[in-house]
Amino acid sequence: MTRKAKDFELLSAYIDNELSYEEKVQLEKNIKSSLQLQKKLEDLKKIKQLTSSAYTKIPESPYFETRLFASLESNKPWHKKVLKWSPAIGLAFTTIIIMVVLKSNPEIFNNLLEQQKTNIAGFYKENLQPLLFAADLNKEDIFNFAMYKQLPLDKDDRQILHIDYDKAGKEFFEIKSGEPKQDENNFEKFIVALNLDEVEKKQIDSIMNQYAEELEAQVLINKNNTVAINSNLWNYQRAIQRDLLAFAEKSNWQEFQKLVPKTVSYNNSRDVVLAANEMRNTRNKNYIFLTTDSVFSEPIEYNLAEYKLQLAELKNELKDQNNQMREIQFHFKYDSAKQKLEDKLHNNFKIIYDSNLCRVEISKFDFPDLQYPDFDSLFTVYDSVANNFRFHSQYIPRIKHFDNKIQFHFDGDSLNTYEFEYYKFDLDSLMESQSEMMDSLKSYNWNNLYNFNDSLVFKGIPKLDSYFKFYDGEVEIKLEMEQLRKELEKFRVEMKQWKEEYKHDSQSKNKNKNSLK
Amino acid sequence: MDLNKENSELPQPQILKLDDDFSLVKRFIDGDESTFRLLVQRHKEKVRNIIYLTLGDSDAVDDIAQEVFITVYKNLKNFRFESLFTTWLYRITVNKCKDHLRKKNVRRIFVPIKEASGELNNDLITEKSDISKIVMAAILKLPQKLKTPLLLKDIEGFSYQEIAETMECEIGTVKSRIFRAREGLKKILQPIEAELME
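Residues numbered from 1 in each chain as written. Chains lettered and ligands numbered in written order. Predicted model: local features only at pLDDT ≥ 70, side-chain atom pairs only at ≥ 80, totals over all residues. Heavy atoms only, no water.

Draft legend 1. Representation of the interface of chain B and chain A. Taken together, the 43 residues of chain B in the interface contact 37 residues of chain A. Interface area, chain B with chain A, both sides summed: about 3,800 Å², of which 61% is carbon and sulfur. Area buried by chain B at its contact with chain A is led by B:Gln66, B:Phe179 and B:Arg182, which between them contribute 17% of it. Viewed at the interface, chain A and chain B are joined by 8 salt bridges. Among the salt bridges present, the one from B:Glu183 reaches A:Lys40, with a minimum N-O distance of 2.4 Å. Breaking the side of chain B that touches chain A down by element, the ones donating at least two residues are helix H3 (35–55), helix H4 (58–75), helix H7 (131–140), helix H8 (144–154), helix H10 (171–189) and helix H11 (193–197) of chain B. Grouping the constituent residues of the side of chain B that touches chain A by class yields 22 nonpolar, 8 polar and 13 charged. (Contact = heavy atoms within 4.5 Å. Buried area = accessible area lost by both parts, 1.4 Å probe. Salt bridge = Lys/Arg side-chain N within 4 Å of Asp/Glu carboxyl O. Helix = DSSP H or I, 4+ residues; strand = E, 2+ residues; numbered from the N terminus. Nonpolar A, V, L, I, M, F, W, Y, C, P; charged D, E, K, R; others polar.)

What follows is the structure in structure tokens.
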């Protein structure tokens, strides 16, 4: 490089202020002495000025970063991307597994649910005992069940199980509090009303005993606050009721006719016996479980024979303890807080709950069907007969008078408390037709029927039709007569004894007299 | 007492800024990849401008700038802190521009010679467009190795040292190339010198 070219290059660095102090001093000396260098310096300054001002900034790119990070993301190694999406990938993977499992085994969830249900049911099924043993049922209880569809859940009748059909003919059952009934000897009254002789009494006893045994496994209870009701129980009630009434008809047709409603034509009772036999042959494992917090149905195999064996052993063990057989102090409690949940969970069962009772309405359930002729008409007839008998024999309500209303209360039955307000009601006609009215109440023949807020107690004005006939107080008179007869018999025996004693005494006195003589 | 007084009057050590380039790079290396976004935000416009100046082609700027930052992202963990982060960044930028031009030159073989000629386009001048544009067009006609140091110096205000590091060459080379660039530019602009000097 020539000296001149070297200086030109230094000029370029000079205007860029990139020379060392010595270079700068030397160059400035040279510039002063050289016109050519001065000219070149001017040119270079001009060019630098031009280039420095030539530039216009490139407009900003608003999506630069977005694009960049998207590219970076796509350039990341696959394992880093997988790591980032691992939660979603995990979820997707799980979904795929579930789909595959469901595809190959579509019943898996149902089975799991079923399994879970069985587990829960297992808890409630523990140590189930027949109600008959727990509540110590007797013939009277079974008679009341047949006629009035009520079974005591405990010995003291603190709670009763009531099964029935609603207006639409759907089955329901309810557990409600009852009061001890001291004076109800319905079965005895029934026998008296029909004037049964000794042979007939034995016959009806055997009928009752047979049903008592069969009924044992129909209602089971346990300490876990569970009531298990066999779906055949409704049929049992009908069968026992019909059997009893058929027997009544057979043994005393005239008395029985008084119980049968006039308007219903009724022929004979043979099909009732047939129905009962068929019902016995209908084995049914489906139980409806009512527990503290749920209602469900579940088939169980209850081995009555095995249970009886255990019971026999238990009896032996307890022999020394005054035959104290009552193991269970059963009192059902329902958790009303869970009612809403239950309504949703069990579409087939609707639970109605108030402070007095817990009613389970069964909308959809496969009840064992009884097939026999004229079933529906018989059903109506027998229920009417049972109601008639109930009223005439024992069903006298407690009557309370208030300033503006009269209240009828049937013990232990919140459904059967009725109120009538005076101003809406002709009291004379009420008193005159009180008995018809009661039957009307039972057949739910109401105008303006409505409920109280908390309870299922009805309030309204009944229609005073006289659908059912009644006969006044004959049973009571007969009972009194029977009592009188027994007392007279006793008196007669006593008199006879006294007579004989007297005779004996007088004879001995005479002997003494004679001997004295 | 005197000593204490003296100490209190001493300038207190300056607290390091944790968002300086080195700190951000260090945090990135330590695993905090969020700092990369800060680096991008801080330097993207400079990078884009260098590319624009070097290529004179605004269409390719963003694509190449993306490539630059992707390269930075991939190699940042290997950064040795021996030079400024910016020097390293601009070096990558310049190299990316070179790559781009190399590819473009290969393509140029297949286009008519006239388009690829080093002469200043007469249309540009006859249209009497803005002087800046004319000068810019002239600069772009310079060979790449002359053009880049000139632009880094006159437009970006780099020192010769920085240019040397960016271009991975000697300071003397930078000095020489900038002079030659200015000489070349003068030659290109000679036909319109009179107009420019007005």
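Draft legend 2. Representation of the packing of aromatic side chains. Counted under the stated rule, the structure contains 13 aromatic pairs over all chains. When the centroid spacing of 5.9 Å and the interplanar angle of 70° are considered together, the rings of A:Phe64 and B:Phe69 count as edge-to-face. Pair noted here: A:Phe64 is in helix H4 (residues 64–75) and B:Phe69 is in helix H4, and the two residues belong to different chains. On the basis of an interplanar angle of 75° and a centroid distance of 5.0 Å, the ring pair of B:Phe79 and B:Phe81 is categorised as edge-to-face. A relative accessible area of 7% means that B:Phe79 is categorised as buried. (Phe/Tyr/Trp six-rings, centres within 6.5 Å; stacked < 30°, edge-to-face > 60°. Buried < 20%, exposed > 50% of the residue type's maximum accessible area, 1.4 Å probe, protein only.)

Draft legend 3. Structural context of the pattern of salt bridges. Residue and element names in this part refer to chain B. The full count for this structure, using the stated rule, is 21 salt bridges over all chains. Between Arg-42 and Asp-21 there is a salt bridge; the shortest N-O distance is 2.8 Å. Taken together, the positions of Arg-42 in helix H3 and Asp-21 in helix H2 (residues 21–29) put the pair 21 residues apart, joining distant regions of the chain. By relative accessible area, Asp-21 is classed as buried at 15%. In this structure, Asp-62 and Arg-48 form a salt bridge, with 2.7 Å as the shortest nitrogen-oxygen distance. Within this pair, whereas Asp-62 is found in helix H4, its partner Arg-48 is found in helix H3, the two being separated by 14 residues in sequence.

Draft legend 4. How the structure looks around the pairing of strand S6 (residues 226–230) of chain A. Residue and element names in this part refer to chain A. With 5 of its 5 residues buried, S6 lies for the most part within the structure. Of the two faces of S6, both are covered, the one formed by Thr-226, Ala-228 and Asn-230 as well as the one formed by Val-227 and Ile-229. For S6 and strand S7 (residues 286–290), the ladder comprises 4 bridges, and the chain directions are antiparallel. If you follow Ala-228 over to S7, its bridge partner there is Phe-289. (Pairing = 2+ DSSP bridges.)

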